[in-house]
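# Inside the fold
Spelled out, the chains give:
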Amino acid sequence: MTKSQPGVRPSRTFEPMPLPLPWWERIPMATLTLALLLAVLLTIALVIPVPYAVRMPGPTVDTLGEADDTELITIDDAESYPSDGELRLTTVSASGGPGYPVGIIQALRGFLDPKTSVLPREAVFPSSQTQEEAKEQGQAQMTSSQESATAAALAALGYQVPATVEVAAVGEDGPSAGVVEVGDIVRAIEVEGERTEVTTFTDLLDVLAETPPGTTVTLEVDRDGVATSLAVTTAENDAGGSVLGVLIDPEFDFPVEVTIQIHDIGGPSAGLMFALGIMELLTPGDATGGDIIAGTGTIDLEGNVGTIGGIVQKMNGAVRDGAEYFLAPSGNCGEVVGNVPDGLQAVAVTTLEDAWSAVEAIGRGESTDLPTCN
């Protein structure tokens, strides 16, 4: 046995401890390759757009208030009356069109959100339309809707709205084909010996509404400055009256100067709320009763309310901005049923007269019996 000498420690041999491997070297190569591949695919998915359009609730605007620090509707040549309530037009924010592509994450999020709809891009945006063309079309539709809203509102209030009734298009297979020409200005219409001068657009519409289809009428037109008489055998419209098979582009001479100023919103679907805003401002008292009423719908010169797109998003935008009532085109009832947000009463309307009566009933606190989409 070997004895240690005093003051001397026995020698020992130490083996060095191996350093831990970096985490990426501890992952199996197959797993690491798969993870890198997934990362690349995810990056590509986020960058490359998908062929869908996503519609979300857009902003709402009070037609009785201001937009961009400017009164939305101003009226000259007639007294206007203030309102304590609001008549809000509603909009949809849509992505997926020219210049606004949709990624897969945005599309998946839209599928999971009941306030959002995801549709094939072609169902919302024409495939060949550029961003500039889409903007120009929206602005043109907005301008046209403002003019129609003004004419319909003034007519509903009893104003005479003189107009030059000019033919803008003639249906190829319609009753006026080969007889009426684009540019003809309609001066009068004669039915079974009874002549009516056409000084407003409604003059022509009223006569045709009472004329049985298949009747031969005589149109007195101004064609390039020459008075001409034209015989047209009418066709049937959806209401049982007659149509001429022409598109009329009236040039109005409004008895009251109405100016509507709104920016960055396009399309025709604000027509109904513009018309109601004009009627409220020109009517003594406060038809809204101080309530916040939202709505949507196109409006034509006869006061008919037309269907629109994105009504689910518009209802959600309305309730988000404080509305308790929503005026919905009756043609959209199939989309309204089952999708009305809590706290919102949806009222079905077919005409401007329906919508104005609903506003007055709401203002009186009598909204319970208003028509719904159920």
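### Things to note about the pairing of strand β19 (residues 325-329)
Here β19 lies mainly inside the structure; five of its five residues are buried. Residues Y325, L327 and P329 line one face of β19 and the alternating positions F326 and A328 line the opposite face, and both faces are buried. In this sheet, β19 lies alongside strand β16 (residues 292-295) in parallel orientation, the contact comprising three bridges. Bridge pairing in β19 places A294 opposite F326.

### Observations regarding the sheet that holds strand β20 (residues 345-349)
What the six strands build is an open sheet, ordered β6-β1-β5-β16-β19-β20; its pairing is mixed. The two strands at the open ends of the sheet, each matched to only one other strand, are β6 (117-120) and β20. Across the sheet, the axes of successive neighbouring strands diverge by a mean angle of 35°, strand direction being ignored. Summarising the sheet, β19 and β20 pair through five bridges and their orientation is parallel. Following the sheet pairing, A328 is matched in β20 by A348.

### Concerning the state of the cysteines
One pass over the structure, following the stated rule, counts one disulfide. Note that C333 is cross-linked by a disulfide to C373, the S-S spacing being 2.1 Å. As the torsion about the S-S bond is roughly -65°, the C333-C373 disulfide counts as left-handed. Of this pair, C333 sits in helix α8 (residues 333-336) while C373 sits in the segment after α9 (352-363), placing them 40 residues apart in sequence. Each of the two residues, C333 as well as C373, counts as buried.

### A short note on the environment of G277
Note on placement: G277 falls in helix α6 (residues 271-282). In this structure G277 comes out as buried when scored by relative accessible area, which is 0%. When the C-alpha atoms of G277 and I73 are compared, they prove to be 7.6 Å apart, with 204 residues separating the residues in sequence. Beyond its immediate sequence surroundings of up to four residues, G277 is in contact with T63, L64, I73 and L87.

### A few points about the side chain of N332
Relative to the elements of secondary structure, N332 occurs in the loop between β19 and α8. Those residues within four positions of N332 in sequence are excluded, and the remaining contacts are T307, I308 and I311.

### Let's talk about the pattern of salt bridges
This model, assessed by the stated rule, comprises nine salt bridges. One salt bridge in this structure joins D113 and K115, with 3.5 Å as the shortest N-O distance. For K115, a relative accessible area of 38% gives the class partly exposed. Among the ionic pairs, D222 bridges to R187, the shortest N-O distance being 3.5 Å. With D222 in strand β10 (residues 216-223) and R187 in strand β8 (residues 185-191), this residue pair connects regions lying 35 residues apart in the sequence. Within the structure, one salt-bridge network assembled from shared partners comprises E181, D184 and R223.

The rules we used
- Residues numbered from 1 in each chain as written.
- Predicted model: local features only at pLDDT ≥ 70, side-chain atom pairs only at ≥ 80, totals over all residues.
- Heavy atoms only, no water.
- Buried < 20%, exposed > 50% of the residue type's maximum accessible area, 1.4 Å probe, protein only.
- Helix = DSSP H or I, 4+ residues; strand = E, 2+ residues; numbered from the N terminus.
- Pairing = 2+ DSSP bridges.
- Axes fitted to C-alpha atoms, helices over the stretch in contact; angles between N-to-C directions.
- Disulfide = S-S within 2.5 Å.
- Contact = heavy atoms within 4.5 Å.
- Salt bridge = Lys/Arg side-chain N within 4 Å of Asp/Glu carboxyl O.

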